[in-house]
Amino acid sequence: MALDALLRIDRDGAYANLVLPKVLARSGLTERDRAFATQLVYGTTRHRRACDWFVDRFAHGDLDPQVRAALRLGTYQLRFLGTPAHAAVSATVDAVPRRVRGLVNAVLRKVATAEDAWPNEAVRLSYPDWIVRTLVDDLGEADAHAALTSMNGAASVTERADGYVQDEASQFVAAAVGAGPGERVLDLCAAPGGKATALASAGAFVVAADLRPKRAGLVAANRDRLGTDAERLPVVVADGTNPPFAPGSFDRVLVDAPCSGLGSLRRRADARWRIDEDAPARLAEVQGRLLDAAADLLAPGGRLFYSVCTSTVAETTAVAERCASSRPRWVAEPPPTGPWRPWGSGGLILPHDAGTDGMALFAWRRPA
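Below is a short write-up of the structure. Quantities reported herein were computed from a predicted structural model and do not represent experimental measurements.

## Focus on the overall build of the protein chain
Along the backbone of the protein chain there are 16 helices and 9 strands. Here the C-alpha radius of gyration of the protein chain, 23 Å, is about what a compact globule of 368 residues would show, namely 21 Å. Referenced to the eigenvectors of the C-alpha coordinate spread, the extents of the protein chain come out at roughly 75 × 45 × 35 Å. Residues counted as buried form 52% of the 368 residues belonging to the protein chain. In the protein chain, the proportion of contacts linking residues at least 24 apart, taken out of those at least 6 apart, comes to 71%. About 16100 Å² of surface is accessible on the protein chain, with carbon and sulfur atoms providing 52% of the total.

## Details of the packing of aromatic side chains
Summed over the entire model, instances satisfying the criterion amount to 7 aromatic pairs. Centroid distance Trp-53 to Phe-54: 5.2 Å. Interplanar angle 70 degrees. Geometry classified as edge-to-face. When the ring of Phe-245 is compared with that of Phe-250, the centres are 5.5 Å apart and the planes differ by 90 degrees; the resulting orientation is edge-to-face. What links up through ring pairs into an aromatic cluster is the set Trp-53, Phe-54 and Trp-118. Seen from the ring of Tyr-127, Arg-272 lies directly overhead, with NZ or CZ sitting 4.0 Å from the centre. The ring of Tyr-15 has Arg-274 sitting right over it, with the charged end atom 3.8 Å from the ring centre.

## Focus on the pairing of strand β1 (residues 184-187)
Taken together, the 4 bridges between β1 and strand β2 (residues 205-210) define a ladder with parallel strand orientation. Note that in β2 the partner of Arg-184 across the bridge is Phe-205. Once the chain exits β1 it traverses helix α12 (residues 194-201) before rejoining the sheet at β2, and the crossover so formed is right-handed. Of the pairings in the sheet, the one linking β1 to strand β4 (residues 250-256) comprises 3 bridges and is parallel in character. For Val-185, the partnering residue across the bridge sits in β4 and is Arg-252.

## Description of the nonpolar core
Counting 48 residues, the largest nonpolar core has Val-253, Val-255, Leu-304, Tyr-306 and Trp-364 as the members making the most contacts within it. For this core, the leading source of residues is helix α14 (residues 279-295), giving 7 residues. Every residue in contact with Leu-304, bar those within four places of it in the chain, is listed here: Val-253, Val-255, Leu-291, Ala-294, Ala-295, Leu-298, Cys-323, Trp-330, Phe-362, Ala-363 and Trp-364. Ranked by size, the runner-up nonpolar core spans 40 residues in total, among them Leu-20, Ala-37, Val-111 and Val-123.

## With respect to the packing of helix α11 (residues 168-177) against α12
One way to put it is that α11 packs onto α12 with a least axis distance of 9 Å and a crossing angle of 40 degrees. On the basis of the axis angle, α11 is oblique to α12. Classified by chirality, the crossing of α12 by α11 is right-handed. On the side of α11, the interface is formed by Ser-170, Val-173, Ala-174 and Val-177, while α12 contributes Lys-195, Ala-198 and Leu-199.

## As for the pairing of strand β8 (residues 346-349)
Note: strand β7 (residues 341-343) against β8, 3 bridges, orientation antiparallel. Counted as the bridge partner of Pro-342 is Gly-347 from β8. In this antiparallel pair of consecutive strands, β7 and β8, the connection spans 2 residues, and Gly-344 shows a positive phi of 60 degrees. Pairing analysis gives 3 bridges linking β8 to strand β9 (residues 359-365), with the strands arranged antiparallel.

## Observations regarding helix α2 (residues 16-25)
Looking at α2, one finds that the buried residues are Ala-16, Val-19, Leu-20, Val-23 and Leu-24. End-on view of α2: buried residues confined to an arc of 130 degrees, all on one side of the axis. Seen from the open side of α2, the exposed residues pointing more than 90 degrees away from its buried face are Leu-18, Lys-22 and Ala-25. As for α2, its buried residues are in contact with α1 (2-12) and α3 (31-46).

## A few points about the environment of Val-96
On the secondary structure map, Val-96 appears in the loop between α6 (85-94) and α7 (101-113). Here Val-96 falls in the buried class, since its relative accessible area comes to 4%. In this structure the C-alpha to C-alpha distance between Val-96 and Gly-140, which are 44 residues apart in sequence, comes to 43 Å.

## A look at the side chain of Thr-310
Relative to the helices and strands, Thr-310 is located in the loop between β5 (298-308) and α15 (317-325). Here the side chain of Thr-310 touches Ser-260 through a polar contact of 3.1 Å, side chain to side chain. Setting aside residues up to four positions removed in sequence, Thr-310 forms contacts with Cys-259, Ser-260, Gly-261, Leu-262, Gly-263, Glu-315, Thr-316, Leu-348, Gly-358, Met-359 and Ala-360.

## Regarding α12
α12 sits mainly inside the fold: 7 of its 8 residues count as buried. When α12 is considered as a whole, its buried residues turn out to be Gly-194, Lys-195, Ala-196, Thr-197, Ala-198, Leu-199 and Ala-200. Those residues of α12 that are buried are in contact with α11, β1, β2, α13 (213-226), β4 and β5. Two residues or fewer after α12 comes Gly-203, characterised by a positive phi angle close to 105 degrees.

What counts, and where the lines are drawn
- Residues numbered from 1 in each chain as written.
- Predicted model: local features only at pLDDT ≥ 70, side-chain atom pairs only at ≥ 80, totals over all residues.
- Heavy atoms only, no water.
- Helix = DSSP H or I, 4+ residues; strand = E, 2+ residues; numbered from the N terminus.
- Rg over C-alpha atoms; globule rule 2.2 N^0.38 Å.
- Buried < 20%, exposed > 50% of the residue type's maximum accessible area, 1.4 Å probe, protein only.
- Contact = heavy atoms within 4.5 Å.
- Areas by Shrake-Rupley, 256 points an atom, 1.4 Å probe, with all protein chains shown as cover.
- Phe/Tyr/Trp six-rings, centres within 6.5 Å; stacked < 30°, edge-to-face > 60°.
- Lys NZ or Arg CZ within 6 Å of the ring centre and 35° of its normal.
- Pairing = 2+ DSSP bridges.
- Right-handed = clockwise from strand over helix to strand, strands pointing away.
- Core = buried A, V, L, I, M, F, W, Y, C linked by side-chain atoms within 4.5 Å.
- Axes fitted to C-alpha atoms, helices over the stretch in contact; angles between N-to-C directions.
- Parallel < 35°, antiparallel > 145°, perpendicular 65-115°, else oblique.
- Left-handed = near helix turned anticlockwise from the far one by under 90°.
- Arc of directions from axis to C-beta.
- Polar contact = N/O pair within 3.5 Å; in protein donor to acceptor, adjacent residues only side chain to side chain.

Put into structure tokens, the structure is as follows:
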């Protein structure tokens, strides 16, 4: 099952979090074996570059996609799971067609005894060069390597009191927004709805907006599943850079903006191989436009919140500084105490700080 899923991810461009449940649904595996297959798929996908470095030392020439996927799978078990060689090799060989079993067997036996002579940290940590370089430049080497190492592990599952599964870092953001009864709140980029439903559960009137109808539908589905009153949490399809709301309509606006997601890579196993180097700068331009639009919607004395699940300077402090410079009378508010470390005028959580997604948060109060 793991090899089937990996082949679809690597050859066909499927998303790991979408293809794996479909593969497992028809597998007939026990719960324990489903968990193991999940570990194999996500772990092999995360460590793809490191696995390839081992494989390419002993397998020369172009490899068939199925062979490549199998060798990655076997290497992950040998080098990162600590699976005994006889078990990892034999199980992987049994999963491939007979015509390539000799090749897979020979390469994996060499991988099992090879030395870890890593050429650089990007290969060892199994990330594209640009991600390692960017985070080292922005965070410093120690924090960058710690964050990247942390995101090579499995994501934790955290369930709120209402049963909604949401990473704690996102829960920290909703708590910082802190809306209460009688307040009008806009969640400008709301899908899948975790923050919006948390704010509504505190008694606020929350408008949840998202650009794409399908994603807005996901917010509505999560709202309804939790039993939240639709009149207290209406969902709308709207362009956040040109929102259809009157100026001064809201007491609080949250811009949980689309970003490179470099703080949530443990949760999205294949994202590191899909994000391009220009993404942070490209998304920062969108983030700035979202903040500009959101600011106009605040009532006097209202508060604007900006959050992203990344730690690049381009998408965090640089965006916040541009927002603040165009509104010199607005007052920056520090994030609450707890896991947040100071980051410009706001706060930052790195994945290794609290075992959560990485998250940046900034807040400003509009003058009364």
